[in-house]
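# Fold and geometry: a report
What follows is the residue order along each chain.
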Amino acid sequence: GSAAIGVSVLLRSNVDSRASQTASFLAREFLDKTRSLSESDWHNIWDLSPKGVASSYKIVASGTTGLAIASGTESSTIENITYTRYFTVENIRRDASDNIVESGGSEDADTKKVTITISWQEKQQNHQLSPVTYFTNWH
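As the structure is a computational prediction, the values presented were derived from the model and not from experiment.

On to unusual backbone geometry, then. Omega for the peptide link from Ser49 to Pro50 comes to 5°, which places this bond in the cis form. Along the chain, Pro50 turns up in the loop between α2 (43-46) and β1 (57-62). Phi angles above zero are rare outside glycine, and Lys123 is one such case at about 55°. Mapped onto the secondary structure, Lys123 falls in the loop between β6 (106-122) and β7 (125-129).

Let's shift gears to the pairing of strand β2 (residues 66-71). In terms of strand pairing, β1 meets β2 through six bridges, oriented antiparallel. Of the residues in β2, the one forming a bridge with Lys58 is Ala70. A loop of three residues connects β1 with β2, the two strands running antiparallel in sequence, and Gly63 in this loop sits at a positive phi of about 70°.

One pass over the structure, following the stated rule, counts six salt bridges. Between Arg85 and Glu74 there is a salt bridge, with the nearest N and O atoms lying 2.5 Å from each other. Here Arg85 is found in strand β4 (residues 81-94), whereas its partner Glu74 is found in strand β3 (residues 74-78), with eleven residues between them in sequence. On the basis of relative accessible area, Arg85 is assigned to the buried category, the value being 7%. In this structure, a network of salt bridges that share partners links the residues Glu29, Glu74 and Arg85.

The subject of this paragraph is the confidence of the model for the chain. Atom-level detail of predicted coordinates should not be read off regions where pLDDT is low. A residue-level look at the chain finds 88% of positions with pLDDT of 70 or above and a mean pLDDT of 87. Every residue in residues 1-11 is under pLDDT 50, and counting partners more than four places away or in other chains gives zero contacts.

Turning our eyes to something else, we now look at the pairing of strand β8 (residues 132-136). Consecutive residues of a regular strand have side chains that alternate between opposite faces of the sheet. In β8, alternate side chains face the same way, and those of Thr133 and Phe135 are buried while those of Val132, Tyr134 and Thr136 on the opposite face are not. When β6 meets β8, the two strands line up antiparallel, connected through five bridges. Each bridged residue has a counterpart across the sheet, and for Val114 the counterpart in β8 is Thr133.

Attention now goes to the packing of aromatic side chains. Overall, the coordinates contain three aromatic pairs when judged by the stated rule. Arranged with centres 5.9 Å apart and planes meeting at 65°, the rings of Phe30 and Phe87 form a pair that is edge-to-face. Within this pair, whereas Phe30 is found in helix α1 (residues 2-40), its partner Phe87 is found in strand β4, the two being separated by 57 residues in sequence. Each member of the pair, Phe30 as well as Phe87, carries the same accessibility label: buried.

The rules behind these values
Residues numbered from 1 in each chain as written. Predicted model: local features only at pLDDT ≥ 70, side-chain atom pairs only at ≥ 80, totals over all residues. Heavy atoms only, no water. Helix = DSSP H or I, 4+ residues; strand = E, 2+ residues; numbered from the N terminus. Pairing = 2+ DSSP bridges. Salt bridge = Lys/Arg side-chain N within 4 Å of Asp/Glu carboxyl O. Buried < 20%, exposed > 50% of the residue type's maximum accessible area, 1.4 Å probe, protein only. pLDDT = per-residue confidence, 0-100. Contact = heavy atoms within 4.5 Å. Phe/Tyr/Trp six-rings, centres within 6.5 Å; stacked < 30°, edge-to-face > 60°.

Structure, rendered in C-alpha cells:
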C-alpha cells in the first residue's frame, strides 16, 4: 500500500514537473522571439504604447516569414494543458549612479524592462511563470 502511494506521488510530481518544464520552454521561446524583434529594430519595443503591467503584447506572424508585435495574449494547448503567454514593457528610470530605480532619477530611453508571463491551470490550481529581463538599445 505504501509503495503504491509512493509511486502515485512520484507520478504526480513528474506530471507537475513536465508542466513547469513546458512553461519554461514557452517562456524561453517567447523571450527569444521578443529579443530578436528588439535587436532587429529597437522601435519594435520602444514604440509600443501603452507601456506598463496593464498592457499585454504577443508575437504574431507578419508577411510570409516575419514576426510582429500585437496587443493581446496567445494560448497554446500542450498535453491537454492550455498555456497563455504575453509580455509587458515598462520604461525604467536611473539615478545619478546609473542604477535602475523605482522612482526619481531620469528615464532611460535606451533600456526597457520586459516581463514574459506564462500562466496555466492544472488540477484546479493556477500557475504562473514571469521571468523579467532588460532590453537595451546599444548604439
